[in-house]
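These are the residues of each chain, in order.
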Amino acid sequence: MAGRQGAVDAETTAGGQDAERKVRVECEGVMLKLTLSAKQMQKPIAEAIVRPFLKAYSKKKGLEKEVDVKDVAQVTVDSDGQTQLQVLNDIHIYTAAQCLEKLRGDVDFDVYLKRDAPPASAPATPKKPATLPKDTRVLIHGLTSRAGESLNGSEGRLTGFNPSTGRYEVTLKNDGRVVSCKMENVMDLGQHQV
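Rules of the game
Numbering of residues begins from 1 in every chain and follows the order in which that chain's sequence is written. In keeping with the predicted nature of the model, local features appear solely for residues at pLDDT of at least 70, side-chain atom pairs appear and are counted solely at 80 or more, and the whole-chain, interface and lining totals rest on all residues. Values shown for side chains rest on all heavy atoms present in the structure; no hydrogens or waters enter the calculation. Being paired, for any two strands, means DSSP has found at least two bridges between them. Only DSSP runs of H or I with at least four residues qualify as helices, and only runs of E with at least two residues qualify as strands; both kinds are numbered from the N terminus onward. Only the contacting stretch of a helix is used when fitting its axis, a line to C-alpha atoms as for every element, and angles between N-to-C directions run 0 to 180 degrees. Between Lys or Arg on one side and Asp or Glu on the other, a salt bridge is scored when a side-chain nitrogen of the former is within 4 Å of a carboxyl oxygen of the latter. Type-normalised accessible area, obtained with a 1.4 Å probe on protein chains alone, sets the label of each residue: buried when under 20%, exposed when over 50%, and partly exposed for intermediate values. Take the buried Ala, Val, Leu, Ile, Met, Phe, Trp, Tyr and Cys residues and link them wherever side-chain atoms come within 4.5 Å; each set so joined is a nonpolar core. Throughout, a contact is declared for two residues whenever any of their heavy atoms are within 4.5 Å. In predicted models, pLDDT denotes the confidence assigned by the predictor to each residue on a 0 to 100 scale. Put simply, two rings from Phe, Tyr or Trp (the six-membered ring, in Trp's case) pair if the centres are within 6.5 Å, and we call them stacked under 30 degrees between planes, edge-to-face over 60, tilted for the rest.

### Describing the sheet that holds strand β11 (residues 186–188)
Right, so step 1: Judged by pairing direction, the sheet is antiparallel, and its five strands sit side by side in the order β10-β9-β8-β7-β11 without closing on themselves. Strand pairing shows two members of the sheet lacking a second neighbour, β10 (178–182) and β11, which therefore form its edges. Across this sheet, the average inter-strand angle for adjacent strands is 45°, counted without regard to direction.
Right, so step 2: Across six bridges, the pairing between strand β8 (residues 155–162) and strand β9 (residues 167–172) is antiparallel. Across the sheet, N162 pairs through a bridge with R167, a residue of β9.

So, in structure tokens, the structure goes:
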């Protein structure tokens, strides 16, 4: 079972080094909101964000054995203003503060589980929807971040798909920008004119 992406919405709740950050972590339809204290911000990403999320994820999925950080195959991060996803190569070394310090606005952390996680006692996962072909005309919808909300209702054309992140590259009709969108945030316009 491949893990689906998760999202983290980062927001500073106090100024300077002692700032708290609010985060939203999501994987396979399970979401958890956390407020990271200044002390937690100094912990590795694995301990500050991923481990608490996996504990809640395991409980929500009704798993007998808790999914562990070692079951994570990859973590990527995408924030407002970024044009590409950034792969976090070592969630055990870099602190949450180091990861989030230069990121502003809404931040998406995409968490992917290894194929053999969670354990065999886990309930079956629903099949992933089929991907749309390149050059499909689409409408962007359902984005909730501040930057994303301005894209809702935009029309464009699919120019690529990244299976490891489950995101489409969409070239916008109005200005030619290329944006990255989750599968659930694009609607096939079929034969409609774009």
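### Quick look at the pattern of salt bridges
Right, so step 1: Going through the model one piece at a time under the given rule, you end up with three salt bridges.
Right, so step 2: Here R51 makes a salt bridge to D68, at a shortest N to O gap of 2.9 Å. With a gap of 17 residues between them, R51 in helix α2 (residues 45–61) and D68 in the loop between α2 and β4 (72–79) connect regions that are remote in the sequence.
Right, so step 3: The class for R51 is partly exposed, based on a relative accessible area of 31%.
Right, so step 4: A salt bridge links D175 to R177; the shortest N-O distance between them is 2.8 Å.
Right, so step 5: With relative accessibility at 42%, the residue D175 sits in the partly exposed group.

### Some points on the nonpolar core
Right, so step 1: Membership of the largest hydrophobic core comes to 32 residues, with the highest contact counts inside it found for I45, I49, L54, Y57, L88, I91 and F109.
Right, so step 2: Contributions of two or more residues to this core are made by β2 (21–27), β3 (30–36), α2, β4, α3 (96–100) and β6 (107–113).
Right, so step 3: Ranked by the residues each element gives to this core, the list is headed by α2, at eight residues.
Right, so step 4: V138, V170, V179 and V186 belong to the second largest nonpolar core, which has twelve residues in total.

### Details of the sheet that holds β4
Right, so step 1: Read from one edge to the other, the open sheet built from three strands follows the order β5-β4-β6, with strand pairing classed as antiparallel. In this open sheet, the two edge strands, each paired with only one partner strand, are β5 (86–88) and β6. Recorded for the sheet is a direction-independent mean angle of 25° between the axes of neighbouring strands.
Right, so step 2: The pairing of β4 with β6 spans seven bridges and is antiparallel. Pairing of S79 across the sheet is with V107, part of β6.
Right, so step 3: Contacts from α2 reach β4, β5 and β6, with the element oriented near 65° to β6.

### Some remarks on the confidence of the model for the chain
Right, so step 1: Averaged over every residue, the pLDDT of the chain is 76; residues scoring 70 or more account for 77%.
Right, so step 2: A low-confidence stretch, residues 1–17 stays under pLDDT 50, and its non-local contacts, those more than four residues away or across chains, total 74 contacts.
Right, so step 3: Across residues 117–127, confidence stays below pLDDT 50; counting only partners more than four residues off in sequence or on other chains, it has 13 contacts.

### Looking at the packing of aromatic side chains
Right, so step 1: A complete count under the given rule lists two aromatic pairs for this structure.
Right, so step 2: Centroid distance F53 to Y57: 6.0 Å. Interplanar angle 40°. Geometry classified as tilted. Taken together, the residues F53 and Y57, both in helix α2 and four residues apart, mark about one turn of the helix.
Right, so step 3: Seen in terms of ring centroids, F161 and Y168 are 4.9 Å apart; in terms of plane orientation they differ by 50°. Their pairing is tilted.

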